[in-house]
Amino acid sequence: MRLLSTSLVALVVIASTSCRVRTTCLASADSVAARGWEHYRADSIPTAAETFNTALSLCPRHNSATVGLGYVALREGRLDDAERRFNAAVARDSAQVDAHVGLGIAAWRQGELEAVHEQFTRVQALDPTRPEAHDYLARLPGGIGAPPERPPLVLADSLLVPARTNGDRFEIATRDGWKPFYIKGVNLGAALPGRHPSQFPDSTVYAEWVAEMVAMGTNAVRVYTIHPPHFYQALSDFNQAHPDTPLWLIHGVWAELPPGHNFDDATWRAEFVAEEKRVVDLIHGRADIRPRTGHASGFYTADVSRWTLAYIIGREWEPAAVEQYDTTHTGGDWQGRYLSVRGGTAMDGWLAGACEHMIAYETERYRTQRPIAYTSWPTLDPLVHPTETSVREELAIREALGDSIDVVPKEYDNDVVAIHPNRIRPTAEFTAGFFASYHAYPYYPDIMLFGSDYGEYLRRLKQHHRDMPVVIAEYGVPASIGVAHLAREGWHHGGHTEAGMATVDSALTVLIAECGMAGGILFAWIDEWFKKTWVVIDLEIPLERNRMWYSRMNAEQHYGVFALEPTPRLHGTTLAERLADWRRIPDLYAGRLRAQADEAYLWLLLEPNGSDRAEVAYVGLDVVNPDGGGFRWPGGGPRLPIGIEFALVQSAAGVRLVAEHSANPFRIKLHKPLGRPVHTLTVDAAPASILSGQFSQRYNRWLRPAPSPQAYFEPLWAITNRRRFGRDTTVYAAIGYDRGVLPEGPPPDGLWELDPSSGTLEVRIPWTLINVADPSSRQVLSTPEGRDSTLLLEPPFETVTVGGVRILVGSRAASGAWRLWPQSGAARDVALFSWSTWDEPQWRARRRPVFSAVRSAFDVIDQREPNE
């Protein structure tokens, strides 16, 4: 008996100790899993996965960590793994709402619509407040899912105006009366890597973004189009929790160009007005939007009308469309109930009518008004710019001067037609007010460069609209490696380091306020990989796949306060720290070369050849045709076993990439002097190598390298600012730069690093520079078989799919001795570097320095109180 009692006591002690251990482990796992969710919400997906796994090591059946890993798998496109995790969580707890949501999203991505219905119906039963349930059920064909019950619409006894214009500023209604409001905004496009613009993030991401925007000092977010219901729910949740520092909403109404540039096309116009009504309904939490291809849909229940500052409707209309409408329709006076136009063009009247529709609907349906504007830009501004000629004017001037014309410029007519916000006036029945909204960048069009500087342009614009608020609704510069347009102040369209981007964006933010504007809206919150720009658009093929990779030469993809960049494959901020990971990658030539690929670069690690340090080192790249291209290095040397299209050259001058003549996608044509004054733009903070003169750029119409025994290699020149002609026949010289001069430094700003102790060189080559048109499917540029190279086809390129890139390595010693890898010198021994294709990119989000810089600029604006 005594023995039994002792045993029972021992069992009790063991059980008690075990319980305490389990409780302690569970508490520790809870804490770790919570950190994992913080990382997930901050888009630090690899760190989130590592943290969730740590929680599971403490408590193998921890549901929150299991669900977290499910969402990580969902984000990375591993749908089978995501479903396994979510099902495991549901098996342990059938009421695990987040797991059911995850299963529903996974089913949606796989097109399993019955499972979508099953999972989100279950979510509705467990938690009727979850917006994802209404959102996804509304997307199902046939409108599966009943609209949620809403309280009856109760209209106020008098007109509600949460914000208004007063003179040239905005004001918001507060308990203490009207308060001046300067817009410190940011533009939100929400396409994550690998996604189309119509594929929106989940509610967790939106909630994190709203909080981060306010942390940056932002007081308004602008959206161009309708987002899914959970965006507005996230905004409402934050603002209700932070009533003293809400994030105001500026909402757009998107539209494509009308067919035939006819803004009176009945079908197109009816859809535009319907979209205006959808926007009004959804901000009041009363829109039920059925699925539409390329658009958000769902049941909108979050009423954010009290925090909606204004509407900015439409897009940057093309001048040709406006000109055609104006020349085929009569302008003059226009009178509506809420707006009027005096002495306007036909397009002025049309835009006033489009705003009138939206004002009338909200006033009559909800008894609410708020300020409204339409989108414009310098190309359509009402100012006169003598330096700008139309294409017709330029061709006439060139013909009169005897200039050769083989390619007609493809550019907007930047000073041919105008729209006039200051001709639109609110009537006594529209108390919220009208304002002007411009997308205005410091680098384009060239009126910013030759007519006046950016600050002077803003002051002229404000003077023209002196009695109404003017909002610069887009501004900023991108942190791309590539440059699309050069500006004299150094505020280029690309080519900025991240620190340089922060400095410029901060300066622009303050300058806009100093010029008397009513606010500025920074472009943009995140990088978006689907964006295109003119200088590389014909080199990124197929265009519908450019969302799968990060084009470092594409300026439009790099405006984000948050960089969305490939997940690092190598750990470490310096080359010395990354070498350990490099050593685990099999070498292509023993002790000499290693390579890897990601969504942005071809990475190369070139190691020294023992004690024999080369004076010049070479890496030759055959991208498409080993029987064509250069068969010698740019510096001469012995014949190579295969032809190369590109050569990477490392010397005391740095690292640069050159192209064999027939592989260079661009051609530079020199024009004869015309006997007219030539204006050459002086460019501050220019790239390392600048070309300026009377020349033009066209495409290489025969991009299929033929054998070139003499190996004629050339710089990778690109023209950013084309040659132009002013109305007084002044010639404005073209400007370009050498894309192949690679900037030194660590990621993300530099493309190469040299470890001085070992002589090891790491190089990151942006895919576009070596004619890889789509690394995600291994497609490279080529001229199609059978095409006549004499035809003036623009652009002439198609693609072929390759198995990889063939790579040679060479060196030239100070003595003049040459060495080659493969050492056999045989074509069969040339290394082929291949990489796995992908349909789901790996990426991470990272806050750029511009976050802190713009926050400081907002503080400066607050101290100056520019609207007081």
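It should be emphasised that the depicted structure is a prediction, and the values quoted were computed from it without experimental measurement. (Residues numbered from 1 in each chain as written. Predicted model: local features only at pLDDT ≥ 70, side-chain atom pairs only at ≥ 80, totals over all residues. Heavy atoms only, no water.)

Draft legend 1. Structural context of the overall build of the protein chain. A tally of regular secondary structure across the protein chain gives 18 helices and 44 strands. A compact globule built from 868 residues would reach a C-alpha radius of gyration of about 29 Å, and the protein chain, at 30 Å, matches this within 12%. In terms of overall dimensions, the protein chain has a C-alpha envelope of 105 × 90 × 55 Å along the principal axes. In the protein chain, the proportion of contacts linking residues at least 24 apart, taken out of those at least 6 apart, comes to 71%. One finds the centroid of the 86 positive side-chain charges in the protein chain at a distance of 3 Å from the centroid of its 104 negative side-chain charges. (Helix = DSSP H or I, 4+ residues; strand = E, 2+ residues; numbered from the N terminus. Rg over C-alpha atoms; globule rule 2.2 N^0.38 Å. Contact = heavy atoms within 4.5 Å. Lys, Arg positive; Asp, Glu negative; His and termini not counted. Charge placed at Lys NZ, Arg CZ, Asp CG, Glu CD.)

Draft legend 2. Quick look at the nonpolar core. Tyr 454, Ile 472 and Trp 525 are the most contacted members of the largest nonpolar core, which totals 198 residues. Examining the composition of this core, we find that 12 residues originate from one element, helix 12 (residues 346-366), more than from any other. What Ile 472 contacts, discounting residues up to four positions off in sequence, is Tyr 438, Ala 440, Tyr 454, Leu 458, Leu 461, Ile 512, Met 517, Gly 519, Gly 520 and Ile 521. By size, the runner-up hydrophobic cluster in this structure holds 36 residues, among which are Trp 37, Ala 48, Leu 69 and Ala 107. (Core = buried A, V, L, I, M, F, W, Y, C linked by side-chain atoms within 4.5 Å. Buried < 20%, exposed > 50% of the residue type's maximum accessible area, 1.4 Å probe, protein only.)

Draft legend 3. Structural detail: the pairing of strand 39 (residues 779-782). Burial of the side chains of strand 39 extends over both faces: Gln 779 and Leu 781 are buried on one face and Val 780 and Ser 782 on the other. Of the strand pairs in this sheet, strand 38 (residues 772-774) and strand 39 are connected by 2 bridges, and their pairing is antiparallel. Counterpart to Val 772 in the pairing with strand 39 is Val 780. In this antiparallel pair of consecutive strands, strand 38 and strand 39, the connection spans 4 residues, and Arg 778 shows a positive phi of 55°. (Pairing = 2+ DSSP bridges.)

Draft legend 4. Representation of the sheet that holds strand 11 (residues 339-344) within the structure. Across the sheet, which stays open at both edges, the 3 strands sit in the order 10-11-13 with antiparallel pairing between neighbours. A single partner strand is all that each edge strand has here, and the edge strands are strand 10 (332-335) and strand 13 (424-426). For this sheet, the mean inter-axis angle between neighbouring strands, taken without regard to orientation, is 15°. Bridge analysis of strand 11 against strand 13 gives 3 bridges, and the strand direction is antiparallel. In the sheet register, Leu 339 faces strand 13, and the bridge partner there is Pro 426. (Axes fitted to C-alpha atoms, helices over the stretch in contact; angles between N-to-C directions.)

Draft legend 5. Molecular detail of the packing of helix 3 (residues 63-75) against helix 4 (residues 79-92). Closest axis-to-axis distance for the helix 3/helix 4 pair is 7 Å, and the angle between their directions is 160°. Classified by the angle their axes make, helix 3 and helix 4 are roughly antiparallel. The element helix 3 and its partner helix 4 pack so that their crossing is left-handed. Contact with helix 3, carried on its side by Asn 63, Thr 66, Val 67, Leu 69, Gly 70, Tyr 71, Ala 73 and Leu 74, involves Leu 79, Asp 81, Ala 82, Arg 85, Phe 86, Ala 88, Ala 89 and Arg 92 of helix 4 and no other residues of that element. Considering only residue class, the contact of helix 3 with helix 4 consists of 10 nonpolar, 3 polar and 3 charged. (Parallel < 35°, antiparallel > 145°, perpendicular 65-115°, else oblique. Left-handed = near helix turned anticlockwise from the far one by under 90°. Nonpolar A, V, L, I, M, F, W, Y, C, P; charged D, E, K, R; others polar.)

Draft legend 6. The arrangement of the side chain of Arg 592 in detail. With respect to the element layout, Arg 592 can be found in the loop between helix 17 (575-583) and strand 20 (593-597). There is no salt bridge for the buried Arg 592, and the closest opposite charge comes from Glu 607, which lies 8.3 Å off by N-O distance. For Arg 592, the side chain forms a polar contact with the main-chain oxygen of Glu 607, separated by 2.2 Å. Every residue in contact with Arg 592, bar those within four places of it in the chain, is listed here: Leu 605, Leu 606, Glu 607, Pro 608, Asn 609, Val 809, Gly 810, Ser 811 and Trp 821. (Salt bridge = Lys/Arg side-chain N within 4 Å of Asp/Glu carboxyl O. Polar contact = N/O pair within 3.5 Å; in protein donor to acceptor, adjacent residues only side chain to side chain.)

Draft legend 7. Molecular detail of the pairing of strand 25 (residues 654-660). Across the 7 residues of strand 25, 6 count as buried, placing the element largely inside the fold. Of the pairings in the sheet, the one linking strand 24 (residues 646-651) to strand 25 comprises 6 bridges and is antiparallel in character. The residue of strand 25 that forms the bridge with Ser 651 is Gly 654. Judged from the 2 bridges that link them, strand 25 and strand 31 (residues 713-714) form a sheet pairing that is antiparallel. The residue bridging Ala 659 from the neighbouring strand is Glu 714, located in strand 31.

Draft legend 8. Looking closely at the environment of Asp 587. Relative to the helices and strands, Asp 587 resides in the loop between helix 17 and strand 20. Placed 57 residues apart in sequence, Asp 587 and Phe 530 show a C-alpha to C-alpha distance of 34 Å. Excluding anything up to four places from it in sequence, Asp 587 contacts Leu 593 and Arg 594. Within the local environment of Asp 587, its side chain forms a polar contact with the backbone nitrogen of Gly 591, the two atoms lying 3.2 Å apart.

Draft legend 9. Geometry of the pattern of salt bridges. With the rule as written, the count across this model stands at 57 salt bridges. Between Arg 723 and Asp 403 there is a salt bridge, with the nearest N and O atoms lying 2.5 Å from each other. Taken together, the positions of Arg 723 in the loop between strand 32 (717-721) and strand 33 (724-725) and Asp 403 in the loop between helix 13 (391-401) and strand 13 put the pair 320 residues apart, joining distant regions of the chain. When salt bridges with common partners are traced through the structure, they connect Glu 388, Glu 394, Arg 398, Asp 403, Glu 411, Asp 446, Arg 722, Arg 723 and Arg 724 into a single cluster.

Draft legend 10. Quick peek at the sheet that holds strand 3 (residues 177-181). Strand order across the open sheet formed by 3 strands is 1-2-3, with antiparallel pairing between neighbours. Looking along the sheet, the strands with just one partner apiece sit at the ends: strand 1 (163-166) and strand 3. Mean inter-strand twist for the sheet, computed between neighbouring axes without regard to direction, equals 40°. Bridge count between strand 2 (residues 169-174) and strand 3: 5 bridges; the pairing is antiparallel.

Draft legend 11. Spotlight on the packing of aromatic side chains. Under the counting rule described, the total for this entry stands at 39 aromatic pairs. Their ring planes at 90° and their centres at 6.3 Å tell us that Trp 317 and Trp 350 sit as a pair that is edge-to-face. Of this pair, Trp 317 sits in the loop between strand 9 (308-313) and helix 11 (319-328) while Trp 350 is found in helix 12, placing the two residues 33 residues apart along the sequence. Judged by relative accessible area, Trp 317 falls into the buried class, the value being 1%. Three or more aromatic residues joined by ring pairs make a cluster, and in this case those are Phe 263, Trp 268, Phe 272, Trp 317, Tyr 325 and Trp 350. Above the face of the Trp 821 ring, Arg 592 is positioned so that its terminal group lies 4.4 Å from the ring centre. The ring of Trp 603 has Arg 764 sitting right over it, with the charged end atom 5.4 Å from the ring centre. (Phe/Tyr/Trp six-rings, centres within 6.5 Å; stacked < 30°, edge-to-face > 60°. Lys NZ or Arg CZ within 6 Å of the ring centre and 35° of its normal.)

Draft legend 12. Structural view of helix 18 (residues 850-864). Over its 15 residues, helix 18 runs 21 Å from end to end, which matches the ideal 21 Å to within 8%, given 1.5 Å per residue. If you check which residues of helix 18 are buried, you get Val 850, Phe 851, Ala 853, Val 854, Ala 857, Phe 858 and Ile 861. Angular distribution of buried residues about the axis of helix 18 spans 165°; they occupy a single face of the element. On the buried face of helix 18, the contacting elements are strand 4 (183-188), helix 8 (203-215), helix 16 (498-514), strand 18 (519-522), strand 19 (562-566) and strand 44 (843-847). (Expected span 1.5 Å × (residues − 1). Arc of directions from axis to C-beta.)

Draft legend 13. Spatial organisation of the side chain of His 465. Counting through the fold element by element, His 465 comes out in the loop between helix 15 (454-464) and strand 15 (470-475). Other than its neighbours up to four places away in sequence, His 465 contacts Pro 382, Pro 421, Asn 422, Tyr 438 and Val 470.

Draft legend 14. View of unusual backbone geometry. In this model, Phe 523 is joined to Ala 524 through a cis peptide bond whose omega is 10°. As for its position among the elements, Ala 524 is in the loop between strand 18 and strand 19. The linkage connecting Pro 747 with the following residue, Pro 748, adopts the cis geometry, with an omega of 5°. Considering the arrangement of structural elements, one finds Pro 748 in the loop between strand 35 (734-738) and strand 36 (752-755). One non-glycine residue, Thr 729, lies in positive phi territory at about 70°.

Draft legend 15. Seen up close, the packing of helix 5 (residues 97-109) against helix 6 (residues 113-126). At a minimum axis distance of 8 Å, the contact between helix 5 and helix 6 shows a crossing angle of 160°. The angle between helix 5 and helix 6 falls in the class roughly antiparallel. Crossing angle aside, the handedness with which helix 5 passes helix 6 is left-handed. Contacts from Val 97, His 100, Val 101, Leu 103, Gly 104, Ile 105, Ala 107 and Trp 108 of helix 5 reach helix 6 at Leu 113, Ala 115, Val 116, Gln 119, Phe 120, Arg 122, Val 123 and Leu 126.

Draft legend 16. Molecular detail of the environment of His 134. Considering the arrangement of structural elements, one finds His 134 in helix 7 (residues 131-139). Here the alpha-carbon distance between His 134 and Ala 817, two residues 683 residues apart in the chain, equals 72 Å. His 134 has contacts with Gln 124, Pro 128, Pro 148, Gly 298 and Phe 299, leaving out every residue within four places of it along the chain.

Draft legend 17. Representation of helix 2 (residues 45-58) within the structure. Relative to the 20 Å expected for 14 residues at 1.5 Å per residue, helix 2 spans 20 Å between its end C-alpha atoms, a close match to the ideal helical length. For helix 2, the complete set of buried residues consists of Ile 45, Ala 48, Ala 49, Thr 51, Phe 52, Ala 55 and Leu 56. Down the axis of helix 2, the smallest arc covering the buried residues is 165°, so these residues share one side. The exposed residues of helix 2 that point more than 90 degrees off its buried face are Glu 50 and Ser 57.

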